[in-house]
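For reference, the chains in residue letters:
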Amino acid sequence: MSKITIATLKAMKQAGDRFACLTAYDAIFAQIIDEAGVEVLLVGDSLSMVIQGHESTLPVTLDEMIYHTKAVSRGAVNALVMADMPFMSYNTEVQAVESAGRLMKEGRAHIVKLEGGRALVNTIKQLTSFGIPVCAHLGLQPQSVHKLGGYKVQGRDKYSAKIILEDALALEKAGADMVLLECVPMLLAEEITLALDVPVIGIGAGPHCNGQVLVLQDMLGITPGKQPRFTQNFLQGSNGIQAAIAAYAQAIKEGDFPSKQQSFTS
Ligand code: KIV
């Protein structure tokens, strides 16, 4: 695999090729995931839960995100490193530029991801004007879990589905280079993927997105408790962690993951 850039992912979308994304929080896993052919390493704010043991993604700080992004960037060879902007690190356009700038300058991230819809149009315009690539996270936004009242599928009715589609179009127009859709019905994700020129990554968003992402620990089947329907334990039946991650990447590229049964139909 040669160096993956945003242009690579856009070209893959145009060619109809799917790509893989997986969360990474440290250098060794970053290296293993990169070697397995996963195109995008996401330093997700999910590290607040899976690494730090918090009950949500809200407590992780910008300094902690930078610490983990640095580690992942040292392990990554060819993959694109995407870092999450943590809760309360992009409340104003100025703060967003400062936070994203630190994730890129100190953490060596290639792209930042933030959660929110059309309210972020000016923030995204500002970030892109400084040459900072952005992925807009739509659908279920875990940083808003208390407002949403839980981790629930979004866009189930006509009205909310229209809002998500309009948000995606507005954020692409504002300069977003990628969109991530979390927990939305698969037909809505398909509609958005077709409507946008930029690549769309899905999690719990069905098989029609251009790329797929999972949390590493879910994909290895080591997260305690009930697993959401959109995850799969790739370690089961694989000959070790490296083989499991390679199987994950291959299943995405061949269109075998996620299946329709692992997706939300409404
Ligand atoms: O933080 C994270 O790991 C994420 C994924 C769930 C998409 O944003």
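Residues numbered from 1 in each chain as written. Predicted model: local features only at pLDDT ≥ 70, side-chain atom pairs only at ≥ 80, totals over all residues. Heavy atoms only, no water.

> Quick question: what am I supposed to make of the sheet that holds strand β4 (residues 111-115) here?
Neighbouring strands of a sheet are bound in pairs by backbone hydrogen bonds; such pairs are parallel or else antiparallel. Spatially, eight strands are ordered β1-β2-β3-β4-β5-β6-β7-β8 in a closed barrel, and the strand pairing comes out parallel. Recorded for the sheet is a direction-independent mean angle of 25° between the axes of neighbouring strands. Of the strands in this sheet, β5 (134-139) and β6 (178-182) touch helix α8 (residues 158-174), which is tilted by about 175° from β5. (Pairing = 2+ DSSP bridges. Helix = DSSP H or I, 4+ residues; strand = E, 2+ residues; numbered from the N terminus. Axes fitted to C-alpha atoms, helices over the stretch in contact; angles between N-to-C directions. Contact = heavy atoms within 4.5 Å.)

> Quick question: what am I supposed to make of the packing of helix α2 (residues 27-35) against helix α4 (residues 62-75) here?
Contact geometry of α2 with α4 gives a least axis separation of 7 Å together with a crossing angle of 40°. Here α4 runs oblique to α2, going by the angle between their axes. Read as a crossing pair, α2 and α4 show a hand that is right-handed. Facing Ala-27, Ala-30 and Gln-31 of α2, the residues of α4 in contact are Ala-71, Val-72 and Gly-75. For the contact of α2 with α4, the residue count by class is four nonpolar, two polar and no charged. (Parallel < 35°, antiparallel > 145°, perpendicular 65-115°, else oblique. Left-handed = near helix turned anticlockwise from the far one by under 90°. Nonpolar A, V, L, I, M, F, W, Y, C, P; charged D, E, K, R; others polar.)

> Explain the layout of surface pockets here, please?
A probe as big as a water molecule, rolled over the atoms, marks out the empty space that is left. Of the voids in this model, the largest pocket is the one considered here, and its volume is about 750 Å³. Lining of the largest pocket is provided by 36 residues; of these, Met-49, Glu-182, Val-215, Asp-218 and Phe-230 occupy positions nearest its centre. Of all the elements in the fold, those that place two or more residues in the lining of the largest pocket are α3 (47-50), β4, β6, β8 (211-214) and α10 (216-219). For the second largest pocket, the calculated volume is near 230 Å³. Elements represented by at least two residues in the lining of the second largest pocket include exactly β5, α7 (145-148) and α8. It is α8 that provides the largest number of residues to the lining of the second largest pocket, a total of four residues. When the residues that make up the lining of the second largest pocket are grouped by side-chain class, the tally is four nonpolar, eight polar and three charged. (1 Å grid on protein atoms, 1.4 Å probe; cavity = no way out; pocket = protein on both sides within 12 Å on 5 of 7 lines; lining within 4 Å. Points joined across faces, edges and corners; volume = space filled by probe spheres on them.)

> Teacher, can you tell me more about the side chain of Gln-154 here?
With respect to the secondary-structure elements, Gln-154 resides in the loop between α7 and α8. A distance of 2.9 Å separates a polar side-chain atom of Gln-154 from the backbone oxygen of Lys-152. If near-sequence neighbours (up to four positions away) are discounted, Gln-154 is found in contact with Gly-139, Leu-140, Leu-148, Ile-164, Cys-183, Val-184 and Pro-185. (Polar contact = N/O pair within 3.5 Å; in protein donor to acceptor, adjacent residues only side chain to side chain.)

> So what exactly am I meant to see when it comes to the environment of His-146 here?
Secondary-structure assignment places His-146 in helix α7. The exposed category is assigned to His-146, whose relative accessible area is 59%. When the C-alpha atoms of His-146 and Leu-41 are compared, they prove to be 27 Å apart, with 105 residues separating the residues in sequence. (Buried < 20%, exposed > 50% of the residue type's maximum accessible area, 1.4 Å probe, protein only.)

> How should I be thinking about the site of the ligand in this particular structure?
Around the ligand sit 13 residues, and of these Gly-44, Asp-45, Ser-46, Asp-84 and Lys-113 come closest. Contact between the ligand and Asp-45: an oxygen atom at 3.0 Å from a side-chain N or O atom of the residue. Judged by its atoms lying within 2 Å of the grid points, the ligand is housed in the largest pocket. Of the residues belonging to the shell around the ligand, the class tally is five nonpolar, four polar and four charged. (Near = heavy atom within 4 Å. Sits in = over half its atoms within 2 Å of the grid points.)

> Looking at this model, I keep getting lost on the state of the cysteines. Mind explaining?
The term disulfide refers to a covalent linkage connecting the sulfur atoms of a pair of cysteines. For the structure on display, the rule yields zero disulfides. Here Cys-21 stays unpaired: no disulfide links it, and the sulfur of Cys-135, its closest cysteine neighbor, is 8.2 Å away. Lacking any disulfide linkage, Cys-183 is separated from the closest cysteine sulfur, that of Cys-209, by 11 Å. (Disulfide = S-S within 2.5 Å.)

> Would you explain the pairing of strand β7 (residues 200-203) in this entry?
Remember that side chains alternate between the two faces of the sheet whenever the strand is regular. On β7, burial covers both faces: Val-200 and Gly-202 on one face and Ile-201 and Ile-203 on the other are all buried. Pairing geometry for β6 and β7, over four bridges, is parallel. Each bridged residue has a counterpart across the sheet, and for Leu-181 the counterpart in β7 is Gly-202. Since β6 and β7 lie parallel, the crossover through helix α9 (residues 186-195) that links them has a hand, and here it is right-handed. (Right-handed = clockwise from strand over helix to strand, strands pointing away.)

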